[in-house]
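Survey of secondary and tertiary structure
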Amino acid sequence: MSRNGFYDSIDESLDSIKADGLWKSERELTSPQGGTVITGGQHVLNFCANNYLGLADDPMIRTAAAAAMDGYGYGMASVRFICGTTDLHRALEVEIAEYLGTDDSISFAACFDANGGVFEPLLAESDAIVSDSLNHASIIDGIRLCKARRYRFATRDMSDLRQQVEIARADGARSVLIVTDGVFSMDGYVADLASICAIADDTDSLVMVDDCHATGLVGPQGRGTPALHGVVERVDIVTSTLGKALGGGMGGFVAARQNVVDLLRQRARPYLFSNALAPGLVGGGRAGLRLAKEGDGLRERLDSNARQFRAEMTKAGFILSGEGHPIIPVMIGDARLASEMADGLLARGVYVTAFSFPVVPKGTARIRTQMCAAHTADDVNRAVAAFVAVGAELGIVAGAA
Ligand SMILES: *Cc1c(COP(=O)(O)O)cnc(C)c1O
């Protein structure tokens, strides 16, 4: 193809994304992230952030981040092993490990990088990875970068999981690693780690959990899905993020046994060939971790908002997905209707996002709401009222009596 032909083909791709109604535009906020944000000059309730504990603009985190920047400067200008490791980086890693109940942890620029780098050093051609079909894109990419044989099980289907592990064993796999999201973010379900660990026990397999939507909010003291299910000791590897409940900054990590973390420090490519986390993010992340650990009050508020929203929306006639998590998808079906619904809600001061194909299967478009501890019961009521009003206009529900 000619040079011009290359650019023409890019234009064709852009046109087809638009023609399919799949164009994602970005709404600009002119305020900090929070329970309420300003966009288009309008104050709106935000129901689509991963800001579960409402810590994204927390004053203590801001102060801690600023203090770290004052003491250690703006950037590291180095990977960790050359001259990019401060005592703050090690303190963060030790605190993460203590929180999640593992020997140690290793930080990355993002959980996308943690998942991208975790598999390749640990597993060889002779090994197998058995992965849930709805696992996050970064897990799928990380698995592609490693030589282990790949098996996939139907999401949350424990009999299929057992069968796929048995097939991997029959194919002669040396080690078998079962990989799951701790929470499936499009559907709002928590993985059944008790059953997964029982299958892992029966088949002498390893277990890895990506707990990005759980760390800080799920389980006792927010210690995640392994703690919720009482399987902290049995889960071999946890990956997660500083970019969601723990303050919403940036940074990912792998928490595991000492020798696993040690090998990742020697071999994980996104760790060896990418910049160390900036001091401000490390200082802010440590404060976020502490606030999450001490955040029973925030988790109670979050749970109460989720229970209220679920109950009121169900009563209003909406069909909801998920269970026991502050991700509450409102199922609409038609992609265009879902996007009209989101527009109507924004006009009424409630910011939500519609998800459609290819992010979710065709015909299952939805509005994925995410609860936040910064919302009051009254905020939740206002959101439900807006859903009912717009839902009635669009013929999705009967409307208020
Ligand atoms: C958000 C998310 C990631 C990516 O985390 P970042 O730190 O933002 O890169 C990975 N896995 C899951 C399941 C996520 O939800």
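Residues numbered from 1 in each chain as written. Predicted model: local features only at pLDDT ≥ 70, side-chain atom pairs only at ≥ 80, totals over all residues. Heavy atoms only, no water.

Some points on the domain arrangement of the protein
Under the domain assignment, the protein is made up of domain 1 (23-53 + 296-393) and domain 2 (59-293). Taking only C-alpha atoms, the centre of domain 1 and the centre of domain 2 are 27 Å apart. Across the domain 1 to domain 2 interface the summed buried area is about 1,500 Å²; carbon plus sulfur atoms make up 56%. Its largest share of buried area at the contact with domain 2, domain 1 owes to Asn 50, Arg 299 and His 325, together 32% of the area lost on that side. Joining domain 1 to domain 2, the criterion identifies 1 salt bridge. (Domains from an automatic or database assignment. Buried area = accessible area lost by both parts, 1.4 Å probe. Salt bridge = Lys/Arg side-chain N within 4 Å of Asp/Glu carboxyl O.)

Considerations on the site of the ligand
Around the ligand, the structure places Ala 110, Cys 111, Phe 112, Asn 115, His 136, Ser 138, Asp 181, Asp 210, Cys 212, His 213, Thr 241 and Lys 244. Phe 112 places a main-chain nitrogen or oxygen 2.9 Å from an oxygen atom of the ligand. For the ligand, whose free accessible area comes to 390 Å², the fraction covered by protein is 84%. With 3 residues, the single largest contributor to the shell around the ligand is helix α5 (residues 111-122). Residues of the shell around the ligand, tallied by class, amount to 4 nonpolar, 5 polar and 3 charged. (Near = heavy atom within 4 Å. Polar contact = N/O pair within 3.5 Å; in protein donor to acceptor, adjacent residues only side chain to side chain. Areas by Shrake-Rupley, 256 points an atom, 1.4 Å probe, with all protein chains shown as cover. Helix = DSSP H or I, 4+ residues; strand = E, 2+ residues; numbered from the N terminus. Nonpolar A, V, L, I, M, F, W, Y, C, P; charged D, E, K, R; others polar.)

Comments concerning empty space enclosed by the protein
Under the definition given, this model contains 2 cavities of 30 Å³ or more. Taken as a whole, the largest cavity spans an internal volume of roughly 60 Å³. Taken together, Arg 80, Ser 107, Phe 108, Ala 109, Pro 270, Tyr 271, Ser 274, Asn 275, Ala 276 and Leu 277 make up the lining of the largest cavity. Of the residues belonging to the lining of the largest cavity, the class tally is 6 nonpolar, 3 polar and 1 charged. Here the second largest cavity is characterised by a volume of approximately 40 Å³. Lining the second largest cavity, in full, are Leu 100, Thr 102, Arg 223, Pro 226, Val 232, Val 235 and Val 238. Class assignment for the residues of the lining of the second largest cavity results in 5 nonpolar, 1 polar and 1 charged. (1 Å grid on protein atoms, 1.4 Å probe; cavity = no way out; pocket = protein on both sides within 12 Å on 5 of 7 lines; lining within 4 Å. Points joined across faces, edges and corners; volume = space filled by probe spheres on them.)

With respect to the packing of α5 against helix α6 (residues 137-144)
Contact geometry of α5 with α6 gives a least axis separation of 7 Å together with a crossing angle of 25°. In terms of orientation, α5 and α6 fall into the roughly parallel class. The interaxial crossing formed by α5 with α6 has right-handed handedness. On α6, the residues that touch Phe 112, Asn 115, Gly 116 and Phe 119 of α5 are Ser 138, Ile 139, Asp 141, Gly 142 and Ile 143. Taken together, the residues of the contact of α5 with α6 break down into 4 nonpolar, 4 polar and 1 charged. (Axes fitted to C-alpha atoms, helices over the stretch in contact; angles between N-to-C directions. Parallel < 35°, antiparallel > 145°, perpendicular 65-115°, else oblique. Left-handed = near helix turned anticlockwise from the far one by under 90°. Contact = heavy atoms within 4.5 Å.)

A few points about the packing of aromatic side chains
Evaluation of the coordinates by the stated rule reveals 5 aromatic pairs. Each residue in the set Phe 47, Phe 309, Phe 318 and Phe 387 is aromatic and connected to the rest through ring pairs, giving one cluster. The ring of Tyr 189 carries the charged tip of Arg 156 above its face, separated from the ring centre by 3.8 Å. In this structure, Lys 362 packs its charged tip against the face of Phe 357, placed 4.1 Å from the ring centre. (Phe/Tyr/Trp six-rings, centres within 6.5 Å; stacked < 30°, edge-to-face > 60°. Lys NZ or Arg CZ within 6 Å of the ring centre and 35° of its normal.)

Overview of the nonpolar core
As a rule of thumb, soluble globular proteins bury nonpolar side chains together. The biggest cluster of nonpolar side chains holds 78 residues, and the ones touching the most others in it are Leu 161, Phe 309, Phe 318, Val 330, Leu 345, Ile 367 and Phe 387. Per element, the largest residue contribution to this core is 7 residues, and it comes from helix α15 (residues 377-393). Non-local contacts of Phe 309, meaning those with residues more than four positions away in its chain, are made with Ile 328, Val 330, Thr 369, Met 371, Val 380, Val 384 and Phe 387. Of all hydrophobic cores here, the second largest spans 25 residues; its members include Ile 106, Ala 114, Val 118 and Ala 268. (Core = buried A, V, L, I, M, F, W, Y, C linked by side-chain atoms within 4.5 Å. Buried < 20%, exposed > 50% of the residue type's maximum accessible area, 1.4 Å probe, protein only.)

Some remarks on the side chain of Asn 305
Turning to its location among the elements, Asn 305 is positioned in helix α13 (residues 296-315). Residues in contact with Asn 305, not counting those within four places in the same chain, are Met 371, Cys 372, Ala 373, His 375, Thr 376, Ala 377 and Val 380.

Thoughts on helix α7 (residues 158-170)
One turn of the α-helix equals 3.6 residues, which is why residues spaced by three or four share an orientation. Helix length check: α7, at 13 residues, gives a terminal C-alpha distance of 18 Å against a target of 18 Å (1.5 Å per residue), a fit within 8%. Of the residues making up α7, those classed as buried are Met 158, Asp 160, Leu 161, Gln 164, Val 165 and Ala 168. Each buried residue of α7 sits inside an arc of 155° when the element is viewed along its axis, so together they form one side. Of the exposed residues in α7, the ones pointing more than 90 degrees away from its buried face are Ser 159 and Ala 170. (Expected span 1.5 Å × (residues − 1). Arc of directions from axis to C-beta.)

Structural notes on α13
If you check α13, its first and last C-alpha atoms are 28 Å apart, about what 20 residues at 1.5 Å a residue would give, namely 28 Å. On the buried face of α13, the contacting elements are α4 (87-100), α12 (279-293), β12 (319-320), β13 (327-333), β16 (365-370) and α15. A positive backbone phi angle near 100° is found at Gly 317, which sits one or two residues after α13.

Topic: the layout of surface pockets
Of the voids in this model, the largest pocket is the one considered here, and its volume is about 1,500 Å³. Along its surface, the largest pocket is lined by 50 residues, and Lys 24, Ser 25, Thr 353, Ala 354 and Phe 355 are the ones closest to its centre. At the level of elements, α14 (335-347), β15 (353-355) and β16 are the ones that each hand at least two residues to the lining of the largest pocket. Ranked by the residues each element gives to the lining of the largest pocket, the list is headed by α14, at 7 residues. Taken together, the residues of the lining of the largest pocket sort by class into 21 nonpolar, 18 polar and 11 charged.

Focus: the pattern of salt bridges
Overall, the coordinates contain 19 salt bridges when judged by the stated rule. The salt bridge involving Asp 187 is made with Arg 366; its shortest N-O contact spans 2.6 Å. One end of the pair, Asp 187, is in the loop between β7 (183-184) and β8 (189-190); the other, Arg 366, is in strand β16, with 179 residues separating them in the sequence. Using a relative accessible area of 17% as the deciding quantity, one classes Asp 187 as buried. Here Asp 379 ties to Arg 382 by a salt bridge, and the two come within 3.6 Å at their closest N and O atoms. In this pair, Asp 379 and Arg 382 are both assigned in helix α15, 3 residues apart and thus about one turn of the helix distant. Each of Arg 80, Arg 90, Glu 93, Asp 104 and Arg 265 takes part in a single network of salt bridges with overlapping partners.

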